[in-house]
Structures are given as C-alpha cells and as structure tokens.
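Results of the structural survey
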Amino acid sequence: DDKFPFGDIKPLFTVGEVNMCEENHGEVYVGVPDGMGAYLFDDDTLRIVVQSESYGPLYYESYPYFVNGNGASFTGSHVQYTDFDREGLAEFLTHAGPASDIIKGFGQVATTYYNLAGQLVGKRDPDGPTVYGAHYSNTDAEGNYAVAGYPTEADWLMQSLCSSHLEEAHQWGPGIGLEDDMYITNEEWMTYAPGAEFVGISMHAMDLAAKEDWAVGSVTVSGFEKIVEVNPQHTDYVILALSGYNGAYNNGGAEVDARNAEYGPRPDGSDYVNPENVCPARIYVGMKGKMEDGSDAPEDDFLARNGLRYGKVYGFAVDMSEAGPTGGLFRDAFHKPRDNGEQVDGKFIAIDWQWDGEVKNFRHDGAFDFQLPVPGYDGTGMMWWNANGYDASGSKTEHLSPDTRPGKTAFIQGSTAGYFGHYYVHGVTEALDAAGDFPSELDASYFVYQGENDITAQINLGSDGLYNIVPECPGAEDATVNCDRDYSVKSTFEDIDGLEIIAASDGLYAVLQEDSGNDLGERMFISSALEHEKDGNEINYHFMAMSGGQYNTRMAAGVGIPATSSGGGGSHEFSGVIDLSGMLAKKGSKKLRKTKKAGKKGKKEKEGDFLINAHDGEARRMAEHLVPINDKLIALGLQSHNLNSGVVSAFKADRGGQVLVYQPDI
C-alpha cells in the first residue's frame, strides 16, 4: 500500500537487505536509519547517504567496519551510500516496480578516519592508553578508554550518529559557502564508565570526494543533534547552525566536578552544573584558510579550507528584564502557550571559548560558557536565552533546518517541547566585513511558528489516522493526539525530533517527525505554507503517516519487515528528510532556463533533460525553489526499534527501518 492520506509513499530500501551489486557485494545496510543527505554523484547517478543511529556495545552492537588500512575498526553507527539511477528514481512513483531495479551501488561513505588531533585513527591499545590515533569520543585526553562498554569485535564505538546534513560546495553562490562537498554528521550522546574522565563527542565532517571523515573540535565537543550550513553571504567565511544536548554524558559527573575544581565557582557564586540542555540556539562562524591560531593554512588542509579550524561559537541572547521581548521568560516558558508570529529580538553573541587545536578533557569545553554572563553585557539584563535558565536542564534543541532562500542567513529550530520557530541573522555581510576576524555579536530576530499549544484543531487527518482504542490511552481515538506513555495523552506536539524545511515555488513547508514513544504509533506531518505574520492565523498540519507503537495492532501481531524481524510490540520513529526535487527536476521551467546554471553546458537542451548537472550546489538550490510542493520527491527515514530479531539480528544490523520516497498531495 503506497497510498497515504496526503501523498504516495514507497520504500527504497530496508534494513537487513543484502547488497547484490558487484562493488561491496554482500554488505548489509545497518539500522536504525537517521541522518541522511543526497547529491548527484554524476549526471546519471543520484547518491543517497544514510547513517545509522547505532550504539555499539551499549545496545545492539552492529558488525564492524575497518578504516585506514591499519586494522582499526568501528562498531556502532555506520555511514553508507546507495546509488540510484537518476532517471529511474525520477519515475519511481509512477509504477509499482521495486527500487532494486534502479540501485547501482552501495558501500561505506568514508574509509579514512582522522581524530580530533588530526591523526589517523588506529587500533585501540587493550593494555592501557592509546597514545596515538585514539578515537577521542571514547577516551580521555591521554587516550584512556572511558566508555561504559567495550566493543566485542571492534576497536572503537562510533556512538549514536544522529541527524546530519549534506552540503554542496558554494551552494549559496560563486565562492560562497563550504569549499568542498561535505556530509556533516555528529555523535549525539554517550554513556561513560562511572567516575571516568573524558574528552566529549564531536562533529564529523566527511569529505565526500576523498572518502575521509574528520573529527571537528571548533564547534565544541558537547555532542550534537544536527548541524547545517546557512548562507554566510561572504566568500571568506562559513556559518553553521548547531543544535543538540550540549553535553548529554551519562555518568559525566567527574568532568563537572573537575570544572568546578579547576575553574572555581561561576561569577554569580554558584557551582557549574551539568551543561546538558543548558544552552540557547547557537551558530558557528568560521574563517576559511586559517589554522587554529589564525595563521594561514596549507591549501590542501581540508578543515582549514572549509573554515572548520578557526572560528567562534555564538549563542542567542536577549534582554531578560520584564521590559524585554520575552517579559523575562526563558525559552521553554515563553512558548507555553505562544501564538504564531510572536517576535523576539536579540543577538547572536560570541562566547569567550575558542578551539585552539589541543585535545583536552570536557571540563575545558565551551559548553559551560552558557552558564556565564554574556560577554560584553555585564551588569545588564542581557542573558543567554536558554531553555530553562542557567542552573537546570530544559527541553532539547532538536533538529534544525536552513532557510535556503537567496539572501537569507536564517534557520528554523525545533524543540522536544513541541514548539518551533525561525531565527534570522541580520546584516551579516557588513558585520563580517567590519570585524577583522570575527564580530563580537550579530543582530538577530526569532519568530514563533508553533508554540507549545493544543494543536488538535490544526491537524488534518485526511480521513485517516485511526488508533487502536485501548484503556491505557484514555480518549485517544485518532492521530490528533499523542499517547506518549500509558495514561498520558497529549494535545500538543510531543518531542518533535525530525524537522526539515522544504523550499518550494509556493512557499516553505515543514516536515515534522515526532520521537515521543507514542504507544499507538509515532506521527509524521507536513505543514501548510509557513508564515509568521501576527495575524491570528495558525499553521495547519497534514497527517502523512504513523508507524509502530506497542498497542498498534500490527506490532502486537509480530508483523515485521523483513519477515521474522519483530522482537515484539515497540516504538518506531520517522527520522530524516531530503528534498530530492532539485536533482530530479526536468526541463520546463522558463525561469531556470534563463539562468546560466540551467541545462547541460555545451549541449542543445531537449525537453525531458534534467535541469542541473552534478556537483552544482547553487543550481540545485535554485531548482528546488522552482518545484511546487506537490511535485516534490522527498526521501524519508523510518526507524523501527522493535525489529531486532531474525535476519536483522543475524546480520548484526542493529535494528530495523526503511528509507522511503514521498510525493506530497496537499
């Protein structure tokens, strides 16, 4: 059944399937699928990259993959590609045939891995510290292994690669943006051994052409949910938007204690607290071509070339006085409830911490800076707009997505509390021109799209979305509500996890994917066209699909794909979104034909030709903006946490799931 209430959905591949292509024959796709991206490998091939959110020895250890030609190996999260015939994928939803007919290749995205010190990752020393080549996400700064569990068949754990984003070079215009095609991913959280000291977990920048993975320290080592590039509007800089826990380290008390012991109390006299979810919205501004000390870098230095060695992290700060834009409310409280169109003016302000290239333990990290006064604003009402103040965890900054419209330095940020909104950074070009190296602050504004409100009247089910009615979810009859646990039925969004903005010719649209543990089936929605005019109108949400849940009748009956993979009723989660339309759009747009980017250079254009060539990120963005929402082809990820038996278990593929393709009909 590929007919869903607001569009067709059809699977591309499933966890547990075996690669039958000649290249890497016999390799198995690993779950659960999470972050993903896509690009044109060549003019005839669309490559989809998907990573698994896998936890190695902590839960469901996956089979190992080997790197660097030195015997070093990882378990946990894999980053794998699947190549599709471009023409076949463009026509995939027009027939009932399987995706296996259009798959051309499969494998690991990177085969060379570098650690935070820039060393090739090596084998772990089983008898003591790994003094060279340690995967520092697993160790302290001396290379002593610190994770709560040891891999049984590998050296290292690549822990919980969560969401991701694929960025093509110069996607914002000539010379503007990253210099290389890059897959940006990140480790999310970690469980360390009780009392262990540790470095923390990092962003990873994958050089797609060189098949290399580089650990990145310049954005802090606090673990992330998702990192995306936004338009820097300048040829000398890159700007990334950052989201995530800001230090989700189980058994992390030793590093918090060490922070207090080595740095003393905060300026307000209080001790530092666990920094998890004590943070505002964040961005990173990096200068291209520089080493960590600001000196010129060799031209062949991948991280420096892309502005990932020398940069500053900025947090969103506002006037928190009663006369300020939030009335003195921190972020979570401000959104309970809050109408569409509410505006909060503030600034992205640089923290004092800056990466210097030296691997240190987490106690020295910039994650703690959001418990300090805002630099340059001592004695004022200016404070970091954290979720719940400076002393306690609040709701997590979950997925975020870039605003890809020309001339915008902006992103849309979600939250586990169920709200989301739009951050705009103003005057970027002028500020960067005037800064010397980095501006101390950037003017910014935030607009609410959705508060933590009752959304039941905003949901359009399309005559679908009926629940299995059970006493454990009282009053829950359909997908207008969420039963996140027994005897808890919510009328708000609950734990928005996946969020990606689809830029279409008729506006911006949000795909929203919950991660609440809904006992009746996790929900996914696509919004109406986004707007944040303060006009009394709220956004509507079209019900796309639901999956899983312990009281879902299919789950209770042991249904699983592949057959026999079900380990019993359990939760699912949609996670991951890619707009494929710019890469699959064909001729017919007069607007794009008139640009220098349209058509195949040097060839006479024919009706039915694809609009863009491979490795042209700017043209891809332009093409995406020309496709109406109902003509989009959108890749989606589905995690099936209960599908942990049968062939999935036998192949050590972690847990189940699928990657699907969707065409809206809203």
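So, a few notes on the structure that sits alongside this text. Since we're looking at a predicted model, the values are computed, not measured.

Attention now moves to the packing of aromatic side chains. For the structure shown, the criterion picks out 35 aromatic pairs. When the centroid spacing of 6.4 Å and the interplanar angle of 55° are considered together, the rings of phenylalanine 330 and tyrosine 390 count as tilted. One end of the pair, phenylalanine 330, is in the loop between β20 (311-319) and α4 (331-334); the other, tyrosine 390, is in the loop between β22 (382-384) and β23 (397-402), with 60 residues separating them in the sequence. Comparing phenylalanine 330 with tyrosine 390 shows no difference in burial state: the two are buried.

This part covers the side chain of glutamine 458. With respect to the element layout, glutamine 458 can be found in the loop between β26 (441-450) and β27 (459-460). Residue glutamine 458 is classed as buried on the basis of its relative accessible area of 11%. Of note is the side chain of glutamine 458, whose polar atom sits 3.0 Å from the side chain of glutamine 450. With sequence-adjacent residues up to four places away left out, glutamine 458 is seen in contact with Gln450, Glu538, Ile539, Asn540 and Tyr541.

Moving on to the sheet that holds strand β9 (residues 112-114). Within a sheet, neighbouring strands are paired by backbone hydrogen bonds and run either parallel or antiparallel to one another. Strands sit in the order β9-β15-β14-β12-β11 across an open sheet of five strands; the sheet is mixed. The open sheet is flanked by β9 and β11 (165-167), the only strands paired with a single partner. Each strand axis lies, on average, 20° off the axis of its neighbour in the sheet, ignoring direction. As judged from the three bridges shared by β11 and strand β12 (residues 182-186), these two strands associate in the antiparallel manner. Opposite glutamate 167, over in β12, you have methionine 182 as the bridge partner.

A word on the side chain of threonine 82. Assignment of secondary structure puts threonine 82 in strand β7 (residues 79-85). For threonine 82, a relative accessible area of 4% translates into the label buried. Excluding residues within four positions of it along the chain, threonine 82 makes contact with Phe13, Leu46, Arg47, Ile48, Ile103, Gly105 and Phe106.

Across all of its chains, the model carries 34 salt bridges by this definition. For the salt bridge of lysine 123 with aspartate 155, the shortest nitrogen-to-oxygen distance reads 3.7 Å. Of this pair, lysine 123 sits in the loop between β9 and β10 (156-158) while aspartate 155 sits in the loop between β9 and β10; the two residues are 32 residues apart in sequence, bridging distant segments of the chain. Judged by relative accessible area, lysine 123 falls into the partly exposed class, the value being 48%. Classification of aspartate 155 as buried rests on a relative accessible area of 6%. Between lysine 347 and aspartate 443 there is a salt bridge, and its shortest N-O distance comes to 2.6 Å. Placement of the pair is lysine 347 in strand β21 (residues 343-350) and aspartate 443 in strand β26, with a sequence separation of 96 residues. Exposure remark for lysine 347: the relative accessible area of 18% places this residue in the buried category.

For the rest of this paragraph, the subject is the layout of surface pockets. Empty space among the atoms becomes visible once a probe the size of a water molecule is rolled across them. Of the volumes computed, that of the largest pocket is approximately 1,000 Å³. Lining the largest pocket are 36 residues, with Phe4, Met546, Ser547, Arg554 and Leu638 sitting closest to its centre. Among the elements that line the lining of the largest pocket, the one with the most residues is strand β33 (residues 541-547), at five residues. Residues of the lining of the largest pocket, tallied by class, amount to 18 nonpolar, twelve polar and six charged. The space that makes up the second largest pocket amounts to roughly 370 Å³. What lines the second largest pocket is a set of 18 residues, among which Leu584, Ala585, Lys586, Val627 and Asp631 lie closest to the centre. Considered class by class, the residues forming the lining of the second largest pocket number nine nonpolar, five polar and four charged.

One open sheet holds the five strands; their spatial order is β27-β33-β32-β31-β30, and the pairing between them is mixed. Edge positions in the open sheet fall to β27 and β30 (496-504), since each of these has one partner strand only. Alignment of strand β31 (residues 507-514) against strand β32 (residues 522-527), held across three bridges, turns out to be antiparallel. Each bridged residue has a counterpart across the sheet, and for glutamine 513 the counterpart in β32 is methionine 524.

Turning next to the environment of glutamine 450. Its location among the elements puts glutamine 450 in strand β26. With relative accessibility at 0%, the residue glutamine 450 sits in the buried group. Each C-alpha atom, one on glutamine 450 and one on threonine 492, is 10.0 Å from the other, the two residues being 42 residues apart in sequence. In contact with glutamine 450, not counting residues within four places along its chain, are His335, Gly418, Tyr419, Phe420, Ile455, Gln458, Phe493, Glu538 and Tyr541.

By the definition in use, this model includes five cavities of 30 Å³ or more. Taken as a whole, the largest cavity spans an internal volume of roughly 230 Å³. Listed by contribution, the elements that provide at least two residues to the lining of the largest cavity are β3 (33-42), β11, β23, β30, β34 (572-579) and α9 (617-626). Per-element accounting of the lining of the largest cavity gives the leading share, four residues, to β30. When the residues that make up the lining of the largest cavity are grouped by side-chain class, the tally is ten nonpolar, four polar and five charged. Taken as a whole, the second largest cavity encloses approximately 60 Å³ of empty space.

The final tally for this structure, using the stated rule, is one disulfide. One disulfide bridge connects cysteine 473 with cysteine 483, the sulfur atoms lying 2.1 Å from each other. The disulfide joining cysteine 473 to cysteine 483 has a torsion of about -80° about its S-S bond and is therefore left-handed. Remark: cysteine 483 occurs in strand β28 (residues 482-485) and cysteine 473 occurs in the loop between β27 and β28; sequence separation between them is ten residues. Here cysteine 473 falls in the buried class, since its relative accessible area comes to 2%. For cysteine 483, a relative accessible area of 0% translates into the label buried.

The biggest cluster of nonpolar side chains holds 110 residues, and the ones touching the most others in it are Phe316 and Phe348. Broken down by element, this core gets its largest block of residues, six residues, from strand β17 (residues 237-243). Formed by 39 residues, the second largest nonpolar core is a distinct cluster that contains Phe92, Met583, Ala635 and Val661.

Rules of the game
Residues numbered from 1 in each chain as written. Predicted model: local features only at pLDDT ≥ 70, side-chain atom pairs only at ≥ 80, totals over all residues. Heavy atoms only, no water. Phe/Tyr/Trp six-rings, centres within 6.5 Å; stacked < 30°, edge-to-face > 60°. Helix = DSSP H or I, 4+ residues; strand = E, 2+ residues; numbered from the N terminus. Buried < 20%, exposed > 50% of the residue type's maximum accessible area, 1.4 Å probe, protein only. Polar contact = N/O pair within 3.5 Å; in protein donor to acceptor, adjacent residues only side chain to side chain. Contact = heavy atoms within 4.5 Å. Pairing = 2+ DSSP bridges. Axes fitted to C-alpha atoms, helices over the stretch in contact; angles between N-to-C directions. Salt bridge = Lys/Arg side-chain N within 4 Å of Asp/Glu carboxyl O. 1 Å grid on protein atoms, 1.4 Å probe; cavity = no way out; pocket = protein on both sides within 12 Å on 5 of 7 lines; lining within 4 Å. Points joined across faces, edges and corners; volume = space filled by probe spheres on them. Nonpolar A, V, L, I, M, F, W, Y, C, P; charged D, E, K, R; others polar. Disulfide = S-S within 2.5 Å. Core = buried A, V, L, I, M, F, W, Y, C linked by side-chain atoms within 4.5 Å.

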